[in-house]
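Each chain, letter by letter, is given below.
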Amino acid sequence: NRLIGVAGSPSGLSPGQRKVLTVGVELVSNAPVFFLDEPTSGLDSRAALIVMREVKKVANLGRTVITTVHQPSKEIFNLFDDMLLLQRGGYQVYFGPCGVNGKTFVDYLQKIPNAHALPDGMNPASWMLDVLGGTDSSNAGEKSALKKSKSIAAGSLQPAMTMKRSGSGGALNGLLLVERFKASQEGAAGTRLVKELCAKGEKSEMFAFASPYARSFLTQLRCLIQRASLAHNRDVAYNLGRIGILFVLYLLFGFVYFDLDASNETGVQAMVGVIFMTSIFAGIIFMNSVMPVRVRERAVAYRERTSFMYDAVPYSLSHAICEVPWVLLVTFVTVTPLYFMVGLVPTFEHYIFHVLMVFTVSMAFMSLGQLIACLCATIQTAQAGASAFIPICFLFGGLYLPYPQIPVYWKWAYFIDPVAYAIQGVTAPQFEHRGCTGAYPDGDCPTIQAFRGTYFETVDTLAYVEEKYDVQLSQKWYMLIYVAIFVLCMQTLHIIAFKFKKVVAR
């Protein structure tokens, strides 16, 4: 029940535990053959031995395990059943069983001319490198150099086995090593085994699958939602950070604009500003917080996709779906105290609509953050791109520059800005006629003194807001639908970007 974490983080798994986990992940696929490329690299001797013992357990279960290991310890070397030894240049020196404590392999290598015997207690893996390189790293010194194994070839082969000379010895000729192995009993046994296996497979049909994935789309989606939800629930800093920042920020807004008086033009403009800022800040926090998480998990997702564990579509959808309950929870927890502290319309219908609009706007910005994280190579680039998008949303959102005042060649930006639709949806309902007979001058609904440049005019509050900010109370549900459409568009682009845009080199 621990998070894997980032490599090197104190709260995550150690390098050895990460290696064991990698082996376990491959076991889940139930593959008959496992290929492990240097599973002990970067580990100390103890961690490397633990990992290889786990790999040995897998092999004892009847699985075929093929692994590359560079300079293993004596304990690790003795765990192997068979070995393929290559000389520099890719020449095959030996392929066959290692024997108990490597005895079969050692006996073969000691028969090569110019190969000194294995000193007592020395690691066979280090000794074979000495033999192939013409060096002696043992403590036996000249004594081990004088102990030569019996040669099965003529003495005339001994000079030809040397490819080059150095101060400590001569590296053995790779071509002659290959010829020697083919002519040996070990080489003949390996050739017979290959021929037998090839003969068995000549008449077998090549297997094929209807899909590169082992499970259906719905199964992938269900499993990925469960995994993503579990990861989100365990990421305490991510969730509490969003709740804490927004809760403190909205409390600050609530105290500053406590019981705001909207009976005059200044109060109405302040009320619209509060509604604007509090509706958008939640989305900005969600966008900035989701990008590091998305970038952090991206490398693992690319590797698992390459292994055809799942497709990009269910993976992207799972991350969007598992965010829905958290965004809804954070919206209710943070918006509720602000809503009543400022003095917005205290009816259930208006409250639920306001929360629903803030939730939809937050999902829109969060979807945009996921899209940017899939397009940018680093988190710094993603944050820079998001920072450039935020002021554009504010500029064309309809508060600082209402739609009637936007230049005609920039009006298109207003219609693609989700903030504009959000403001149109949540602003007018807060000035809706309630408990009055009608609009001014025929009714007694709230009015304000609006300044017209050289004089003041008594106008209906709702009519003033609709005229100044180009909003319509009757269009509030359409505005909510437009923002929801923006969410779907951003999620579609998010899925496409993750499926076709690969920003991780490896």
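Let me begin by describing the structure that accompanies this report. (Residues numbered from 1 in each chain as written. Predicted model: local features only at pLDDT ≥ 70, side-chain atom pairs only at ≥ 80, totals over all residues. Heavy atoms only, no water.)

### Looking at the overall build of the protein chain
Here is step 1: For the protein chain, the helix and strand inventory stands at 19 helices and 8 strands.
Here is step 2: Within the protein chain, residue pairs in contact and separated by at least 24 positions form 67% of the contacts whose partners lie at least 6 positions apart.
Here is step 3: Carbon and sulfur atoms make up 62% of the accessible area of the protein chain, which totals about 27600 Å².
Here is step 4: Of the side chains in the protein chain, 43 bear a positive and 36 a negative charge, and the two mean positions are spaced by 16 Å. (Helix = DSSP H or I, 4+ residues; strand = E, 2+ residues; numbered from the N terminus. Contact = heavy atoms within 4.5 Å. Areas by Shrake-Rupley, 256 points an atom, 1.4 Å probe, with all protein chains shown as cover. Lys, Arg positive; Asp, Glu negative; His and termini not counted. Charge placed at Lys NZ, Arg CZ, Asp CG, Glu CD.)

### Considering the state of the cysteines
Here is step 1: Evaluated as defined, the whole model comprises 1 disulfide.
Here is step 2: With its sulfur 1.9 Å from that of its partner, cysteine 436 forms a disulfide with cysteine 445. With the S-S bond torsion at 75 degrees, the cross-link from cysteine 436 to cysteine 445 turns out right-handed.
Here is step 3: With a relative accessible area of 4%, cysteine 445 lands in the buried category.
Here is step 4: Free of any disulfide, cysteine 322 has its nearest neighbouring cysteine sulfur in cysteine 374, separated by 13 Å.
Here is step 5: The exposure class assigned to cysteine 322 is buried, which follows from its relative accessible area of 4%. (Disulfide = S-S within 2.5 Å. Buried < 20%, exposed > 50% of the residue type's maximum accessible area, 1.4 Å probe, protein only.)

### A short note on the pattern of salt bridges
Here is step 1: Evaluation of the coordinates by the stated rule reveals 8 salt bridges.
Here is step 2: Close ionic contact of lysine 476 with glutamate 349 constitutes a salt bridge, the shortest N to O distance being 3.8 Å. Residue lysine 476 is located in helix H19 (residues 476-500), and its partner glutamate 349 is located in helix H14 (residues 348-375); the two are separated by 127 residues in the primary sequence.
Here is step 3: Residue class for lysine 476 comes out buried when judged on its relative accessible area of 9%. (Salt bridge = Lys/Arg side-chain N within 4 Å of Asp/Glu carboxyl O.)

### Considerations on unusual backbone geometry
Here is step 1: Within the chain, asparagine 101 stands out as a residue other than glycine whose phi angle is a positive 55 degrees.
Here is step 2: The residue asparagine 101 is located in the loop between strand E4 (91-97) and helix H4 (103-110) in this model.
Here is step 3: Overall, asparagine 101 belongs to the exposed group, its relative accessible area being 53%.

### Some thoughts on helix H8 (residues 174-183)
Here is step 1: The set of residues buried in H8 consists of Gly174, Leu177, Val178, Arg180 and Phe181. Take H8 and look down its axis: the buried residues cluster within an arc of 165 degrees, on one side only. In H8, the exposed positions angled more than 90 degrees off the buried face are occupied by Leu175, Glu179, Lys182 and Ala183.
Here is step 2: N-capping of H8 is provided by asparagine 173, with a side-chain oxygen placed 2.9 Å from the backbone N of leucine 175. (Arc of directions from axis to C-beta. Polar contact = N/O pair within 3.5 Å; in protein donor to acceptor, adjacent residues only side chain to side chain.)

### A word on the layout of surface pockets
Here is step 1: Here the second largest pocket is characterised by a volume of approximately 1400 Å³.
Here is step 2: Among the elements of the structure, helix H2 (45-60), strand E2 (64-68), strand E3 (82-87), E4, helix H5 (124-133), strand E5 (162-166) and helix H9 (185-201) are those that each provide at least two residues to the lining of the second largest pocket.
Here is step 3: Residue contributions to the lining of the second largest pocket peak at 6 residues, all from E3.
Here is step 4: Broken down by class, the residue content of the lining of the second largest pocket amounts to 25 nonpolar, 9 polar and 7 charged. (1 Å grid on protein atoms, 1.4 Å probe; cavity = no way out; pocket = protein on both sides within 12 Å on 5 of 7 lines; lining within 4 Å. Points joined across faces, edges and corners; volume = space filled by probe spheres on them. Nonpolar A, V, L, I, M, F, W, Y, C, P; charged D, E, K, R; others polar.)

### So, helix H13 (residues 312-342)
An α-helical turn contains 3.6 residues, so any two residues separated by three or four positions project in the same direction.
Here is step 1: For H13, spanning 31 residues, the distance from its first C-alpha to its last is 44 Å, which sits close to the expected 45 Å at 1.5 Å a residue.
Here is step 2: At valine 335, H13 shows its strongest bend, of approximately 35 degrees, with the proline proline 337 following within four residues. (Expected span 1.5 Å × (residues − 1). Bend = angle between axes of the 7 residues up to and from the residue.)

### Some words on the pairing of E3
Here is step 1: Here E3 shows a buried face lined by Met83, Leu85 and Gln87 and an unburied face lined by Asp82, Leu84 and Leu86.
Here is step 2: In this structure, the hairpin formed by E3 and E4 is closed by a connection of 3 residues, where glycine 89 is found at a positive phi of approximately 105 degrees. (Pairing = 2+ DSSP bridges.)

### Observations concerning the side chain of serine 289
Here is step 1: Relative to the assigned elements, serine 289 resides in helix H12 (residues 265-306).
Here is step 2: Residue classification places serine 289 among the buried positions, given a relative accessible area of 17%.
Here is step 3: A polar contact of 2.9 Å, which involves the side chain of serine 289, links it to the backbone oxygen of isoleucine 285.
Here is step 4: Residues contacting serine 289, with those up to four places away along its chain left out, are Tyr238 and Arg242.

### Considerations on the packing of H4 against H5
Here is step 1: Remark: H4 packs on H5, axes separated minimally by 11 Å, with the N-to-C direction vectors making an angle of 15 degrees. Viewed along their axes, H4 and H5 adopt a mutual orientation that is roughly parallel. H4 and H5 meet at a crossing whose hand is left-handed. Note on element contacts: H5 touches H4 through Pro124, Trp127, Met128 and Val131, opposite Phe105, Val106, Leu109 and Gln110.
Here is step 2: Looking at the contact of H4 with H5 residue by residue, the class counts come to 7 nonpolar, 1 polar and no charged. (Axes fitted to C-alpha atoms, helices over the stretch in contact; angles between N-to-C directions. Parallel < 35°, antiparallel > 145°, perpendicular 65-115°, else oblique. Left-handed = near helix turned anticlockwise from the far one by under 90°.)

### Here we look at the packing of aromatic side chains
Each aromatic ring pair is characterised by the separation of its centres together with the angle its planes make.
Here is step 1: Counted according to the given criterion, the structure contains 22 aromatic pairs.
Here is step 2: Clustering of aromatic rings is evident, with ring pairs tying together Phe77, Tyr94, Phe105, Tyr108 and Phe181.
Here is step 3: Just above the ring of phenylalanine 498 sits the side chain of arginine 305; from NZ or CZ to the centre is 4.9 Å.
Here is step 4: Note that lysine 499 overlies the ring of phenylalanine 500, its terminal NZ or CZ placed 6.0 Å from the centroid. (Phe/Tyr/Trp six-rings, centres within 6.5 Å; stacked < 30°, edge-to-face > 60°. Lys NZ or Arg CZ within 6 Å of the ring centre and 35° of its normal.)

So yeah, pure geometry; function would need other evidence.
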